[in-house]
Every structure is written in structure tokens, then in C-alpha cells.
Amino acid sequence: MATTPTAPKPVQFSNTPRYIRRFTRTERTLHWVHAAAFFVLLGSGLVLYLPGLSALVGRRPFVKDVHFDTGLAWMVAIALIVVLGDRRGLRRTIRELEGLDRDDRLWLKRLPRPQGRFNAGQKLNAALTASFAVLFAVSGVLLWYGERNNSFRFASTILLHDGLMYISLVLLVGHLYLALIYPATRHSLRGITTGSVRTGWAREHHSKWVDEQYPPSE
């Protein structure tokens, strides 16, 4: 006697809160200190780089001091956050950002694959941001010393510093678009400001990470 096939039992998620914590206070502080310093450095750097802006603003020596002092303050602040903050959480974040697994590589090929707390694009952005920060710092110090000692003056240093600025501008525009305008991703801004995001949104965009904390039950 034939039996009527039954519909598959829907997956249920037990004990799943409405919001899920995505970033710690240390991570959020690190992000906003870096962002604030970047905007000051970008603004002062453009004034020094563009003759029109330089003539409009004037006080070039003062702007140069602001640019260099902000760079120093940024490095000190980052070091203090790392020393005084949640170092265990930062180490966990670094591990999560390191490397691209199979799902990440397929995601970059625009194939829908589950992602962890950071998707493949965010991992690449973090790697570029860290690399650019080091290169900006090294080239900036060389430029500063080069004005005082010709032994530190290299033709390629200014090209590197300026090239990093152009690439950073492109990355910044893309970052702001995704964080402030693009409907599918702008909710992520809540995570870096309050620390938590809607669990439904997180499950849609970072399902691998959510499932690790709240496994689905049949």
C-alpha cells in the first residue's frame, strides 16, 4: 500500500537570541581609533599633497606637524589598546582573519558559501589594512627623517606613500558604501558601534559562525 511522502521536518534553532554579539569593546575601540586617525591623516595628507588645498588652508608647517603627530599618536594608541585590552579576544580575531578556506575561495568566485564571523572580503580588507598601516608608517618616518638627513632620502619613498594614499581612497569609498549605503550589508555598522547584530542577519551572511555558537537542531 502506497504511503504519502511526508514533508521534511524544518530545521529549528533553539535558544537563539534576537541579537548576537559580534565585536568586543576592545575590537570596537581598535576600529574607531584607527578610523579616526586615518581620516585626520588623510585630510592633512591631502592638504600637503594638493597645491590647491595647500594654498587654501595655508599654515603648511602646522598641517605637516598635525600629520606626523597624528601618526605617532595612532601608533601609541594602538599599542595601548593591545596591551590594556582583551588580548585573548584579539588573538582569536587574528586567527579568524588568517587564511582563506575552501568556502572563502568559492565565495570570492561569487559562489554562495557559508561564511564565518568574517567573510573572505573582510579578511582580504583586514590584510590590506594591516599591510598599508605598516607601509604608511615606515614610509612616513623615512620622509620625516629625509627632510633632516639626506641619508634617509629615497626617491621611491614618496611614490610609495602617495600610491598607498590613492589605493586607500578607493578602499575607503568601497568600505563606506558597504557600511552606509548597500542595503544587504549596512546593518554590519551596528556591530562595530554597539557590538551586536541581529541574529537573523548574521545567520544570512555569516551562517558558519552563528551555527558554531547556536547549532541548529532537528
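Owing to the predicted nature of the structure, the values given are computational and were not obtained by experimental measurement.

All right, on to the nonpolar core then. Counting residues in hydrophobic clusters, the biggest one holds six residues: Ile20, Val197, Trp201, Ala202, Trp209 and Val210. Elements represented by at least two residues in this core include exactly helix 9 (199–205) and helix 10 (207–213).

Turning our attention to the packing of aromatic side chains. The relation between two aromatic rings is expressed through the spacing of the ring centres and the mutual angle of the planes. A complete count under the given rule lists six aromatic pairs for this structure. Summarising the aromatic geometry, the rings of Phe23 and Phe118 are spaced 6.1 Å apart at their centres and angled 45° between planes, so their arrangement reads as tilted. Here Phe23 is found in the loop between strand 1 (19–21) and helix 1 (25–49), whereas its partner Phe118 is found in the loop between helix 5 (102–108) and helix 6 (120–146), with 95 residues between them in sequence. Exposure class is identical for Phe23 and Phe118. Each is buried. With a centroid separation of 5.0 Å and 80° between ring planes, the pair formed by Trp144 and Tyr145 is classed as edge-to-face. On the basis of relative accessibility, which here comes to 27%, the residue Trp144 falls in the partly exposed class.

The next thing to look at is unusual backbone geometry. For residues besides glycine, phi is generally negative; the peptide bonds are generally trans as well. In this model, Arg59 sits at a positive phi of 50°, which is unusual for a non-glycine residue. Considering the arrangement of structural elements, one finds Arg59 in the loop between helix 2 (51–57) and helix 3 (60–84). The backbone of Arg110 shows a phi angle near 65°, a positive value even though the residue is not glycine. Take Arg110: it is sitting in the loop between helix 5 and helix 6. Exposure remark for Arg110: the relative accessible area of 77% places this residue in the exposed category.

Spacing of three or four residues puts side chains on the same side of an α-helix, whose turn is 3.6 residues. The end-to-end C-alpha distance of helix 1, which contains 25 residues, comes to 35 Å, matching closely the 36 Å that a straight helix rising 1.5 Å per residue would cover. What helix 1 keeps buried is the set Thr26, Glu27, Arg28, Ala35, Ala37, Leu42, Ser44, Gly45, Leu46, Val47 and Leu48.

By secondary structure assignment, the location of Ser196 is in strand 2 (residues 196–198). Since its relative accessible area comes to 13%, Ser196 is described here as buried. Within the structure, the side chain of Ser196 is placed 2.7 Å from the side chain of Arg190, a separation counted as a polar contact. When sequence neighbours within four positions are dropped, the list of residues in contact with Ser196 reads Tyr19, Ile20, Arg21, Arg22, Arg190 and Gly191.

Thresholds, definitions, all that
- Numbers given for residues are sequential positions, taken from 1 along each chain in its written order.
- The predicted nature of this model means local features are confined to residues of pLDDT at least 70 and side-chain atom pairs, given and counted, to a pLDDT of 80 or more, with totals for whole chains, interfaces and linings taken over all residues.
- Only hydrogens and water are set aside; all other atoms, that is, all heavy atoms of the structure, feed into the side-chain values.
- The set of buried Ala, Val, Leu, Ile, Met, Phe, Trp, Tyr and Cys residues whose side-chain atoms join them within 4.5 Å is what this entry labels a nonpolar core.
- Accessibility here uses a 1.4 Å probe with only protein chains present; expressed as a share of the type maximum, an area under 20% marks a residue as buried, one over 50% as exposed, and anything in between as partly exposed.
- Numbered from the N terminus, helices here are DSSP runs of H or I no shorter than four residues, and strands are runs of E no shorter than two.
- We call Phe, Tyr and Trp rings a pair once their centres come within 6.5 Å, taking the six-membered ring for Trp, and we label the pair stacked below 30 degrees between planes, edge-to-face above 60, and tilted otherwise.
- Given a helix with a known number of residues, its expected span is that number minus one, times 1.5 Å.
- Polar contact criterion, stated in full: a pair of N or O atoms within 3.5 Å, where within protein one must be able to donate a hydrogen and the other to accept it, and residues adjacent in sequence count only if both atoms are side-chain atoms.
- The criterion used for residue contact is that any of the two residues' heavy atoms lie within 4.5 Å.

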